[in-house]
Amino acid sequence: MDGDGVFDHKQTNGSERTWPADETVIPDWIYTDEDVYTREIEKIFFGKHWNYVGMDCEVPGPGSYMRSYVGPVPVVVTRDADGEVHVFENRCAHRGVEFCREYRGTAHNFICPYHNWTYDLKGDLKAVPFRRGIKGKGGMPADFDMSAHGLRRFRVTVRGGVIFATASDETEPFEEYLGPEICAEFDSTFDGTEFKLLGVHRNILPNNWKLYQENLKDPYHATLLHTYLTTFGLFVSSNETNIPSDALGRHGGLLSRRPEGRPEVSEEEQANMQAFKQTMELNDPRVLAFFREFDSKWSGSVLTIFPTLTSLRQTNILNTRLLVPRGPNEFMMIWTVFGRADDDEEMTCHRLRQNNIFGPAGFLGIEDNEALKFLQDGLKKSVPGHGLALLGDDNEDIDIIITERAIRGMYRYYRNVMEF
Amino acid sequence: MDGDGVFDHKQTNGSERTWPADETVIPDWIYTDEDVYTREIEKIFFGKHWNYVGMDCEVPGPGSYMRSYVGPVPVVVTRDADGEVHVFENRCAHRGVEFCREYRGTAHNFICPYHNWTYDLKGDLKAVPFRRGIKGKGGMPADFDMSAHGLRRFRVTVRGGVIFATASDETEPFEEYLGPEICAEFDSTFDGTEFKLLGVHRNILPNNWKLYQENLKDPYHATLLHTYLTTFGLFVSSNETNIPSDALGRHGGLLSRRPEGRPEVSEEEQANMQAFKQTMELNDPRVLAFFREFDSKWSGSVLTIFPTLTSLRQTNILNTRLLVPRGPNEFMMIWTVFGRADDDEEMTCHRLRQNNIFGPAGFLGIEDNEALKFLQDGLKKSVPGHGLALLGDDNEDIDIIITERAIRGMYRYYRNVMEF
Amino acid sequence: MDGDGVFDHKQTNGSERTWPADETVIPDWIYTDEDVYTREIEKIFFGKHWNYVGMDCEVPGPGSYMRSYVGPVPVVVTRDADGEVHVFENRCAHRGVEFCREYRGTAHNFICPYHNWTYDLKGDLKAVPFRRGIKGKGGMPADFDMSAHGLRRFRVTVRGGVIFATASDETEPFEEYLGPEICAEFDSTFDGTEFKLLGVHRNILPNNWKLYQENLKDPYHATLLHTYLTTFGLFVSSNETNIPSDALGRHGGLLSRRPEGRPEVSEEEQANMQAFKQTMELNDPRVLAFFREFDSKWSGSVLTIFPTLTSLRQTNILNTRLLVPRGPNEFMMIWTVFGRADDDEEMTCHRLRQNNIFGPAGFLGIEDNEALKFLQDGLKKSVPGHGLALLGDDNEDIDIIITERAIRGMYRYYRNVMEF
Amino acid sequence: MATALEYNALALRAARLEIEEFNYAYADTLDRMDVGGWVDYFTDDALYRVIARDNYESDLPLGLIYCEGKAMMKDRAFALLNTEMFAPRYLHLSITNTRALSMDGGEIRAAANYTLIETRVEEPSNLQQAGKYRDVFVRDSGGELKLKQRICVYDSVMINNCLVFPV
Amino acid sequence: MATALEYNALALRAARLEIEEFNYAYADTLDRMDVGGWVDYFTDDALYRVIARDNYESDLPLGLIYCEGKAMMKDRAFALLNTEMFAPRYLHLSITNTRALSMDGGEIRAAANYTLIETRVEEPSNLQQAGKYRDVFVRDSGGELKLKQRICVYDSVMINNCLVFPV
Amino acid sequence: MATALEYNALALRAARLEIEEFNYAYADTLDRMDVGGWVDYFTDDALYRVIARDNYESDLPLGLIYCEGKAMMKDRAFALLNTEMFAPRYLHLSITNTRALSMDGGEIRAAANYTLIETRVEEPSNLQQAGKYRDVFVRDSGGELKLKQRICVYDSVMINNCLVFPV
Ligand code: FES
Ligand code: FES
Ligand code: FES
Ligand SMILES: [Fe+3]
Ligand SMILES: [Fe+3]
Ligand SMILES: [Fe+3]
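Here, residues in each chain are numbered from 1, in the same order as that chain's written sequence. To label them, take the chains in the order written and letter them from A, then take the ligands in the order written and number them from 1. Residue-level local features of this predicted model are given only where pLDDT is at least 70; pairs of side-chain atoms are given and counted only at 80 or more, and the full residue set underlies all totals for whole chains, interfaces and linings. Excluded from the side-chain calculation are hydrogens and water; included are all heavy atoms of the structure.

Asks: Tell me about the overall build of chain A, and name the residues and values.
Replies: Summing up its helical and strand segments, chain A has 11 helices and 19 strands in all. Scaling as 2.2 N^0.38, a compact globule of 420 residues should have a C-alpha radius of gyration of about 22 Å, and chain A matches this with 23 Å. With the C-alpha coordinates aligned to their principal axes, the bounding extent of chain A is approximately 85 × 65 × 35 Å. Whether a residue is buried, partly exposed or exposed follows from its accessible area with a 1.4 Å probe, protein chains only, as a fraction of its type maximum: under 20%, in between, or over 50%, in that order. Considering chain A as a whole, with its 420 residues, one finds that 69% of them fall into the buried category. His is not counted, nor are the chain ends, whereas Lys and Arg count as positive and Asp and Glu as negative. The atoms used to mark charge sites are NZ of Lys, CZ of Arg, CG of Asp and CD of Glu. Taking the average location of the 46 positive side-chain charges in chain A and that of its 64 negative ones, the two points are 8 Å from each other. Starting at the N terminus, helices and strands are each numbered in turn, a helix being any DSSP run of H or I of at least four residues and a strand any DSSP run of E of at least two. For the radius of gyration, the atoms used are the C-alpha atoms, and the globule rule reads 2.2 Å times the number of residues raised to 0.38.

If you want it as structure tokens, here you go:
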């Protein structure tokens, strides 16, 4: 172990970081350092990226609003009287109060509780009490320009019912941002269907936000960690699977096709799955029933849209997840779970039963969240080192699943945008 | 948004800070940065300032003592056999134990629990066990000078029953420190009356200590946030009000005169108060009864004595509040609530009923504490920015209330003493 | 108070520290600074030192394992099929998962939960699932060398049933490490006896780990803080006592001989013990009964083996304590309490009764833990200063007990190895 | 045949069970933030105080909340519902260790432990206050239990920001 | 002579005491992680949901756990015991404020507060979830109480990592 | 006509209610730090142990507190009151989920959950220990319940600094 500063990574400045030459080596410090995190806010969340902030169906009507985030920064998502969606900072232009405290609701305007400065649904400043003082004494300067003191606004794109915001004027149009392959897959789920909100899960994960994006770019862990999938024949390595990503490597997909009937678990596969017992039948098979509803060959479509969206279509489960960083060692996840506006009651119940498998008490959620906690524990407590992402080959076919290609791809982009 | 270091304010060193040229602009970093906080300890709390530490009536007799603080540093306030008040650090001169753990009590001396070094009520070291060893073997060096190893002592001033301490030999006399206007107002409440302790509130506020001083220098929020005041006719903007401050701008007053009977809420005022409904009568009007007891035109007198005292005389409520910083993002508030030594039981009950309105469960306390929490949330979570204090004019008359003059004044002094 | 940087010790870099010329002065910053702590990991815990990690009797048979630590870094201690003890990092070589989550147990190998990389009891990588991909597609590079990707291993020494590990190849043999006097005393307790685990205590102490080592090198506090000892005649200053240390001053002993019958508390002693009342008899004297079982003149033998072991033999209590640093302001203590393998049930009960006096709810443990909490409170909250260790003389005889010689000795070594 | 002592024990048992039901309904009323309904658990002349344990044990009378009679409680309820600004939160008031201590004329002296767990938006559930009730119950004309006195002595003397609702 | 009202009060008292005993046994079963045994506290057609208070109060049906009938509960129990990977932990489920609200035909509507304290390896005990049960009890052929419905509405909507076991 | 089973259920119900009253008095005694009084809740030959759950479940006998008989408890009480140095604190011991498990001859086996909330000067209230009692009760000559055994198995195995008072 070389003693040269290897220990003081929590003190040193991210700008002095040198990234390992070998792209299969991922340094610990991108997951643990305060200064790297601070740079991510600037270069990533407030850089030239489209940040997912919520779903159309969460702000259904005029005056609907919800709390959300761009990176770690609180924002409000609103729908104005004309039905247009707006995103602005949840920070009063006067002294800085985080004024919107409700998860969601409806309003005509926002009144900051401290001094009642009032903003409309676009985030424009509409009223400053006693602006002219009392009896003409005191108040704001005569030249105070209300229009110059609205809330910080973000540019907004809504596509297929999903809302994105960006702080930069230079961010390319959303379709270009996704790139053709990912955009096509995005459109296959968010195909213009009107969605209906079923509810929201919220949880705090004690690990770096990037590890969650990795997790969903990592087909390798699926059958090894998630015994439930193989035990009940939901997913096996031999399923047809594609792992596309965009040209820059920042976005990715994990697309799988569940065979009719129960999949075969090959000998080779069994030999590699320590935890594998034998396959079981559910007592209540309704839970795994699959009603085809999308024009897609994939029964499972997970998308990781850089930086902080992951969307899931699995059997009849539909959700989007927003990652809200809270420093290098923790993030909040907001799960928006939905169905189709035209679902009848039975279909709604089916989705609710199926969601019982997912979410923060779901059989996959428990395992991923626990495993990632163990991972961050390892990164935080051990002497600084690095991880390995050796599997697969950057030029392999997209149907290869024993690979970490997508993880390497994301960090190639990350390193570049972070200027490491 | 300029990228030049705007994001890394949590890393950079306070000495590199440049204060905005425009005095109406208050930068976020004075509320959130560790290094700015560390500098405040040196330049402010241990600088040439008188720090409030408690009330005479909290250490009533010889041998009385109480825990208190100078800035974030624990101290003990004592009264010796001659009735003199002393303030010294709550840190043993041997290894550094914070030896005094009781909120208050009486004692002849202080024995550090670890090795029983013993200090008298002045903080002088009086005994070192086994100083000469055992049977003449071991123990302290022969030349060990007990008088050179007492507890760190602070200079003390007591005025009108209020106790102040300073770490600096250069701090001017207290009367000069307050300046004539504030001193006069101070003396009008602390007029030699003997006070009787009614009790103490303690709470933790998740925000920077300076925001609390601002809050009490901010007449603007009173009628806008505190609907209770207007609803029950306690305070309206049209009340006669003065907002004096000392020449340096560090201390201030918020003096108001409650009219006989119920105040009129003017049309202009109503138009500016979003939350205003209509005025109500209390079911138990005793709570707001006002028995004149001080020779002052003001029924309400709030003083903010830099750095960490706020005193309140409101109707028949009397209290002092000590702000104890605990890092940039949190402080502890210790409320000392008192009456007059000669109050009869009915008057004591009256004060207790009236205090029901104030304190950490009072109708104003709830709102101020919540609003300031929202404010620090905004400062902490958003991308570093700044707040505005545009209201009013630095040369305006002191009876103008729609103003932030006093806040600007405090920061003019702060910037100067902090050498920003 | 000189203003030159005395306040910003939490920001400055340990390497800029200048140690006070006077060796009786111990600066606060060694107990409170993040960067000093980070340097300790490199220079001390991962330097040329033997770190205690557990007892033989905690990993009794082949396949036994337990969680432990080298400094703050999680490790696993195992016993392989041949009975050999191994220590390796609890961090998967793939991505870094802290894979071992059970306090202790038995296993044939360790399977990382995330992707099932599998390690044997020596920490060697034995299996990588799908290493060759599926149907020859994907998987690890052909040249992937399993033998090069085991877990980080530590060198191990076991002496008298006590297990030590070191990260450095240069650490001298254990016997030399202890030095002759301390090694002899070590061997007098760990004399080849086979021990039997009675149980484990775990607690978190809110103070710097070094303060605990000091506490057990500090005979001065024993009779002054621990009134129980004198009240029930367990220990008095006039007992025969030795305080040996090794040549480098890093290890120490606190050896005492309990007289037959009740010790006399001399007049001189009483005069120096504020808390001393009069001696009492226990209602249940069994608790203090002493059955001689070791060939040693000392009835009490406390050893402090640098950096993180303290061992205790007191009357018939036997335990070892591992200090696990968790930053400068906190550490975890793991107490391993044991008896002899050949104890009959009555002797086991006797040890259990006697242990009632010790441990985190014992009469000494309560007082030491409370006093050290007060001490760290003083160091953390006050303006940076220093402590004093003036008692005694560095050339005094080892039977002198009113002394802080051993503390000075430890810091002479510490300063040197930390390059301050 | 049962002794007077046993009768008394049985009477206190019955009172304890009835007070538990009272306390659980009381807690549910507050968890729903129904401060209007909260007032009805008291007699007109009731004394309701929330007081820090350090003040209480030092005979310092200052209350965090100090209501002499129902009228003051009503004013507090009105203010909370109509004038106060505070962040949304969930309340979870659990009452345990309910004890009926003595019965004397129409009065029952009782005590209990309470813990208030508050959950604010995007924050973990937090123990806002732990304390003990010191109660005096009487029966109204309809035989219903009412609080003539509830002194809430709280251990959590270092209040987390503020206490919005009564306990 | 006792009025109908008094009879009803006594019946609810008896039901409350019986449900307390049910709840304490239920909690002990879960603290032992005996999820197989947990299933037996329910009727075959029982509805078991664990739902965030914000969803519940917004009429959003999504459940953190959503089991329609015992078969789904059995599948969950099987998965927890046989397929799930999670860190070792200790569970401490306390149930307080148990109330029997009404009896209607064979059904008893009841409510209670629960708190789940979880302790993970080398971590302090932590309040993992605080919530309220909204229950419907019925009696089986043997006269034993069974849960026909248990809706667990939790205040701790910001979940600490994940919820492994039912509450 | 009531079956033996029903009689037994009623007897256990009565025992449970009586033990609850015992436990609430016991908790109040400790909250007042009356360790002298605490001793009187036990028989002369009582076994009182406070043991970490990991030791308990590994059959490791080490106790955090280990008192064989009242004499050892008295010595502990004396030491706490007369020789021990510790910071001032408030104790809040809540006992829930009290269960009477079986009656056998004169012995009642029982269990309960306990949580100790400690509040130190200028610190927030903190959950110092959560655990379960495993009790054996007997009756003294006067018919009063006494503890013949109380094993306190605590989940909070990572002790926050130290445990000063018994639980
Ligand atoms: S801070 Fe928002 S109105 Fe003043
Ligand atoms: S630290 Fe105070 S006497 Fe030693
Ligand atoms: S992290 Fe351990 S196997 Fe992948
Ligand atoms: Fe997964
Ligand atoms: Fe205010
Ligand atoms: Fe000691």
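Asks: So what about the sheet that holds strand S17 (residues 317–325) of chain A? Which residues, and what values?
Replies: Should DSSP find at least two bridges between two strands, the strands are taken to pair. The strand order across the open sheet formed by eight strands is S13(A)-S14(A)-S15(A)-S16(A)-S17(A)-S18(A)-S12(A)-S7(E), and the pairing between neighbours is mixed. The outermost strands of the open sheet, each flanked by one partner alone, are strand S13 (240–242) of chain A together with strand S7 (158–160) of chain E. Taken pair by pair, the neighbouring strands of this sheet meet at an average axis angle of 15 degrees, ignoring direction. Where S17 of chain A meets strand S18 (residues 331–340) of chain A, seven bridges bridge the pair, whose relative direction is antiparallel. The residue bridging valine 324 of chain A from the neighbouring strand is methionine 332 of chain A, located in S18 of chain A. Each of strand S12 (195–205), strand S14 (252–257), strand S15 (300–305), strand S16 (309–314) and S17 of chain A is contacted by helix H4 (residues 180–189) of chain A, which is oriented at about 125 degrees to S15 of chain A, the strand it contacts most. Structural elements are reduced to axes, namely lines fitted to C-alpha atoms, with helices fitted over the stretch in contact, and the angle between N-to-C directions of any two is expressed from 0 to 180 degrees. Whether two residues touch is decided by their heavy atoms; if any such pair falls within 4.5 Å, the residues are in contact.

Asks: Run through the relation of the copies chain A and chain B, naming residues and quoting values.
Replies: C-alpha atoms of residues with pLDDT of at least 70 in both copies form the basis for the least-squares superposition of the copies. With an RMSD of 0.0 Å, the operation that places chain A on chain B is a rotation of 120 degrees combined with a shift of 0.0 Å along the axis. In symmetry terms, the pair is related by a three-fold rotation axis.

Asks: Can you explain the coordination of the iron ion (ligand 6)? Please cite residues and give values.
Replies: Residues and elements named next belong to chain C. Nitrogen, oxygen and sulfur within 2.8 Å of a metal are treated as its donors, or within 3.2 Å for sodium, potassium and calcium (Na, K, Ca); water is not counted, so a site can appear incomplete. His221 (NE2), His226 (NE2), Asp368 (OD) and Asp368 (OD) make up the full set of protein donors to the iron ion (ligand 6), lying at 2.1 to 2.3 Å. Each label reflects the angles at the metal, where four donors whose angles all fall between 85 and 135 degrees are tetrahedral, four or six donors whose opposite pairs open beyond 155 degrees and whose other angles stay between 65 and 115 are square planar or octahedral respectively, and the rest are irregular. Each of the four donor atoms bound to the iron ion (ligand 6) contributes to angles spanning 58 to 146 degrees, and the resulting shape is irregular. One chain supplies every donor for the iron ion (ligand 6), spaced along it as H-x4-H-x141-D. Within this pair, whereas histidine 221 is found in helix H6 (residues 220–225), its partner aspartate 368 is found in helix H10 (residues 363–381), the two being separated by 147 residues in sequence. Like histidine 221, the residue aspartate 368 is buried in the burial classification.

Asks: How would you summarise the side chain of glutamate 118 of chain F if you had to cite specific residues and measurements?
Replies: Residue and element names in this part refer to chain F. Examined against the element boundaries, glutamate 118 turns out to sit in strand S4 (residues 107–120). Residues adjacent in sequence count toward polar contacts only when both atoms are side-chain atoms; beyond that, a polar contact is any pair of N or O atoms within 3.5 Å, and within protein one must be able to donate a hydrogen and the other to accept it. A polar contact is formed between the side chain of glutamate 118 and the side chain of arginine 120, at a distance of 3.3 Å. Contacts of glutamate 118, omitting those with residues within four sequence positions, involve Arg89, Tyr90, Leu91, Pro124, Ser125, Asn126 and Gln128.

Asks: Requested: an account of the interface of chain A and chain B, with residues and values cited.
Replies: With 41 residues of chain A at the interface, the matching set in chain B holds 46 residues. The buried area of a pairing is the accessible area, by a 1.4 Å probe, that goes missing from both parts when the two are put together, added over both. On the chain A side of the contact with chain B, Arg95, Tyr114 and Phe130 of chain A bury the most area, a combined 23% of that side's loss. Any Lys or Arg side-chain nitrogen found within 4 Å of a carboxyl oxygen on Asp or Glu counts as a salt bridge. Linking chain A to chain B there are five salt bridges. Two residues, aspartate 377 of chain B and arginine 101 of chain A, come together in a salt bridge whose shortest N-O distance is 2.9 Å. Sorting the residues of the side of chain A that touches chain B by element identifies helix H2 (34–45), strand S3 (64–70) and strand S4 (73–79) of chain A as the ones contributing at least two each. When residues of the side of chain A that touches chain B are assigned to their parent elements, the largest contribution, five residues, is made by H2 of chain A. Here the residues of the side of chain A that touches chain B are counted per class, giving 19 nonpolar, 10 polar and 12 charged. Three residue categories are used. Nonpolar comprises Ala, Val, Leu, Ile, Met, Phe, Trp, Tyr, Cys and Pro, charged comprises Asp, Glu, Lys and Arg, and polar comprises the others, including Gly.

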